[in-house]
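Remarks on the overall topology
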Amino acid sequence: TWHLKKIPQIVRERTFSLDSPKFEAKTKLELNSVCGIECQRKLPVPSLSDLKNLLSYETVFENGTRTLTEVNVLGAVPDPAANTTTQRPLRRKRQIYGTDSRFSIYDKRFMTNFPFNTAVKISTGCSGILISPKHVLTAAHCLHNGKDYVKGSKRLRVGLMKTKSRGNGRKRKGTSDGTPSFQWTRVKSTHIPKGWFRGVSGDIALDYDYAVLELKRPHKRKYMELGISPTIKMMPGSMIHFSGFDNDRSGQLVYRFCSISDESNDLFYQYCDAEPGSTGSGIYLRLKEPNKKKWKRKIIAVYSGHQWVDINGEQQDYNVAVRITPLKYAQICFWIHGNDENCTQG
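Residues numbered from 1 in each chain as written. Predicted model: local features only at pLDDT ≥ 70, side-chain atom pairs only at ≥ 80, totals over all residues. Heavy atoms only, no water.

Note the cut-off: UniProt positions are given in the numbering used here, feature names are shortened, and annotations may be inferred rather than shown by experiment.
The chain has the name Inactive serine protease 35 in an unreviewed UniProt entry, where Peucedramus taeniatus is given as its organism. Taken directly from UniProt, the Subcellular location (unreviewed entry) text for the chain runs: "Secreted". Under the heading Sequence similarities (unreviewed entry), UniProt records this for the chain: "Belongs to the peptidase S1 family."

**A look at the pattern of salt bridges**
Selection criterion: Here, a salt bridge means any Lys or Arg side-chain nitrogen found within 4 Å of an Asp or Glu carboxyl oxygen. Helix and strand assignments follow DSSP, with helices taken as H or I runs no shorter than four residues and strands as E runs no shorter than two, numbered in order from the N terminus. Relative accessibility thresholds used throughout: buried, under 20% of the residue-type maximum; exposed, over 50%; partly exposed, between the two (1.4 Å probe, protein chains only).
Summed over all chains, the structure comprises eight salt bridges. Between Lys188 and Glu214 there is a salt bridge whose closest N-O contact spans 3.7 Å. Taken as a pair, Lys188 in strand S10 (residues 181–193) and Glu214 in strand S11 (residues 211–215) lie far apart in primary sequence, 26 residues in all. We classify Lys188 as partly exposed; its relative accessible area is 38%. For Asp266, the salt bridge goes to Lys328, with nearest N and O atoms at 2.8 Å. With Asp266 in the loop between strand S13 (253–263) and strand S14 (267–270) and Lys328 in helix H5 (residues 326–337), the pair connects residues that are 62 residues apart, well separated along the chain. Assigned by exposure class, Asp266 and Lys328 land together as buried. Three or more residues joined by partner-sharing salt bridges are found here, namely Glu62, Arg186 and Lys216.

**As for the state of the cysteines**
Going by this rule: Note on terminology: pairs of cysteine sulfur atoms within 2.5 Å are recorded as disulfides.
In this structure the tally under the stated criterion is one disulfide. In this model Cys126 forms its disulfide with Cys142; the gap between the sulfur atoms is 2.1 Å. Since a negative S-S torsion denotes a left-handed disulfide, the Cys126-Cys142 link at about -95° is left-handed. Of this pair, Cys126 sits in the loop between strand S6 (119–122) and strand S7 (127–130) while Cys142 sits in the loop between strand S8 (135–138) and strand S9 (157–162); the two residues are 16 residues apart in sequence, bridging distant segments of the chain. Taken as a pair, Cys126 and Cys142 share a single burial class, namely buried.

**Brief notes about helix H2 (residues 48–55)**
Note the cut-off: What the arc covers is the set of directions going from the helix axis to the C-beta atoms. Here, residues are in contact when the closest pair of their heavy atoms is within 4.5 Å.
Along H2, the residues classified as buried are Leu51, Leu54 and Leu55. Each buried residue of H2 sits inside an arc of 85° when the element is viewed along its axis, so together they form one side. Buried residues in H2 make contact with strand S1 (9–18), strand S3 (57–61), strand S4 (66–74), S10, helix H4 (194–197) and H5.

**So, the nonpolar core**
Here is the rule: Nonpolar core, defined: a set of buried Ala, Val, Leu, Ile, Met, Phe, Trp, Tyr and Cys residues in which side-chain atoms within 4.5 Å join the residues together.
Judged by nonpolar contacts, the single largest core of 67 residues is most densely connected at Leu55, Ile131, Leu137, Val158, Tyr210 and Ile332. Ignoring sequence-local partners within four residues, the contact set of Ile131 consists of Val136, Leu137, Val212, Tyr223, Met224, Leu226, Ile299, Ile332 and Ile336. Among the nonpolar cores identified, the runner-up in size contains 16 residues, and Phe268, Leu287, Ala301 and Tyr303 belong to it.

**Here we look at the packing of aromatic side chains**
Centre-to-centre distance and the angle between the planes together describe a pair of aromatic rings. Let me state the cut-off plainly: Stacked, tilted and edge-to-face are the three classes applied to pairs of Phe, Tyr and Trp rings, where Trp contributes its six-membered ring and a pair requires centres within 6.5 Å; stacked means planes under 30 degrees apart, edge-to-face means over 60, and tilted covers the rest.
Under the definition given, this model contains six aromatic pairs. Considering the side-chain rings of Tyr57 and Trp335, the 5.4 Å spacing of their centres and the 75° angle between planes classify their relative orientation as edge-to-face. Here the residue Tyr57 occupies a position in strand S3, and Trp335 occupies one in helix H5, the gap between them amounting to 278 residues. The buried category is assigned to Tyr57, whose relative accessible area is 3%.

**What to know about the environment of Arg14**
For clarity, the threshold we go by: Definition of a polar contact: a pair of N or O atoms within 3.5 Å, with one able to donate and the other able to accept a hydrogen when the atoms are protein atoms, and with sequence-neighbouring residues admitted only if both atoms are side-chain atoms.
If you trace the backbone, Arg14 turns up in strand S1. The exposure class assigned to Arg14 is partly exposed, which follows from its relative accessible area of 44%. Sequence-distant contacts of Arg14, defined by excluding residues within four places in its chain, comprise Leu68, Thr69 and Glu70. In this structure the side chain of Arg14 is engaged in a polar contact, spanning 2.7 Å, whose partner is the side chain of Glu70.

**Thoughts on H5**
Our working rule: In this analysis, the expected span of each helix is defined as 1.5 Å times one less than the number of residues it contains.
If you check H5, its first and last C-alpha atoms are 16 Å apart, about what 12 residues at 1.5 Å a residue would give, namely 16 Å. Within H5, 10 of the 12 residues are buried, which leaves it mostly tucked inside the rest of the structure. Of the positions making up H5, those classed as buried are Leu327, Lys328, Tyr329, Ala330, Gln331, Ile332, Cys333, Phe334, Trp335 and Ile336. One or two positions beyond H5, positive phi appears at Gly338, with a value near 80°.

**Points about unusual backbone geometry**
The phi angle at Phe23 is positive, at roughly 55°, despite the residue not being glycine. Looking at where Phe23 falls in the secondary structure, it is placed in the loop between S1 and strand S2 (31–34). At Lys220, a residue that is not glycine, the phi angle is positive and equals roughly 60°. By secondary structure assignment, the location of Lys220 is in the loop between S11 and strand S12 (239–244). The class for Lys220 is exposed, based on a relative accessible area of 81%.

Written out as structure tokens, the structure is:
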């Protein structure tokens, strides 16, 4: 069951203008040597002043201007089970783990219907997911490498899948064989948490590898709601699902599901088969609504990609996802609504 939780409040304190970004960074779809499971265990629980700093955020607008918004955090309760993980056997490098268990979605009835139609393509080469009539959730590193915004993010666009032909009954190129064509929409503004630029460990923090894009115009499609990430024990079969546009299957929507192997406060470690391009996909699961017989899918994490992490002094690899914690829920909800009144419970 989805459990209702009281959400901390994110309150805007001050907004400053910053210099325009250079937009010169190269897009990296795979990060190296980030803080892994062992490192996560040793991280201190962020203090309130840490949280205020990490959850302050930059906004970049379509015309290249940039602001920094400082926030206050009210009602945050530190998680007592800080970064507990279980010991797992070591693994060797691979992104497709054993038999490739990904499914390419060709059937238009699936492709254009929920939940698959919530997947979008980001013009920098990543994926994302629709989270409101005007907002898309993706990974921060699709837009920013920790020091500067990536080249392609200056004129950022989001591709929504379409398979219907328009006018004269003629089929548009690329739709007859079930591969989607895209309707590209300009991005009006982009929000990235300050925690992505410098985390608790003083380096880019995978914990904050998420960003929200506001589209110039509403997309008029069904979107997926945010949910607060439950622990592995509270998930049926500890299974997660996500769809994205993997580079090795050009032009195809690729769906996969797998069970989570490990977790920390902010991250899921899993072996879902995924190639670059699916980075930024929304990870979801389906649970029952409280006191109802209805099931509901919600986004509980953002797929960050294939990562090398340090485990017992050895470089190992996982596919990593950033969990939507109550604090991140509050922040993303605030970005969508512009106030915290709509974000009291999640």
